[in-house]
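Coordinate inspection notes
The primary structure of each chain is shown beneath.
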Amino acid sequence: LSQTSKRSYVGITNNATRRLKQHNGQLTGGAKATRAHRPWLYYITVTGFPDQTSALQFEWMWKHMPLRKSNGENARIKKLNMLLQKERWTNKASLACTMPLCVNI
């Protein structure tokens, strides 16, 4: 969640501390889309994916759910709630109920 605007960003990483520092410009490698809205902080984290493919499928669907033109924390929470209720995140994804996910807000 951007501290200077009402924007939010969804992405995956295997090192959350390093990735946040990249987005905030403390380390090289942050996403271009996050540069203009620094500083960023974690608002929601979802952990427990068994592999990178599952995490990418979840990320893709979270970004492409309805309400695409709405930004900010309320829209992300609504999308996350809808996503967590789906049987599968994408057509090729494993059953969502088999994923031991932990959501932190």
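What this report covers is the structure whose coordinates are included nearby. A quick note: this is a predicted structure, and the numbers were derived from the prediction, not measured.

Thresholds applied
Residues numbered from 1 in each chain as written. Predicted model: local features only at pLDDT ≥ 70, side-chain atom pairs only at ≥ 80, totals over all residues. Heavy atoms only, no water. Phe/Tyr/Trp six-rings, centres within 6.5 Å; stacked < 30°, edge-to-face > 60°. Helix = DSSP H or I, 4+ residues; strand = E, 2+ residues; numbered from the N terminus. Buried < 20%, exposed > 50% of the residue type's maximum accessible area, 1.4 Å probe, protein only. Arc of directions from axis to C-beta.

1. Quick word on the packing of aromatic side chains
- On inspection of all chains with the given rule, the structure shows 5 aromatic pairs.
- For the pair Phe-58 and Trp-89, a centre-to-centre distance of 4.8 Å together with 85° between the ring planes defines the contact as edge-to-face. Placement of the pair is Phe-58 in helix H2 (residues 52-64) and Trp-89 in the loop between helix H3 (73-84) and strand S2 (102-104), with a sequence separation of 31 residues.
- You can call Phe-58 buried: its relative accessible area is 3%.
- Connected via pairs of aromatic rings, a cluster forms that spans Phe-49, Phe-58, Trp-62 and Trp-89.

2. Topic: helix H1 (residues 16-23)
- Among the residues making up H1, those that are buried are Arg-19, Gln-22 and His-23. Axial view of H1: buried residues confined to an arc of 95°, hence all on one face.

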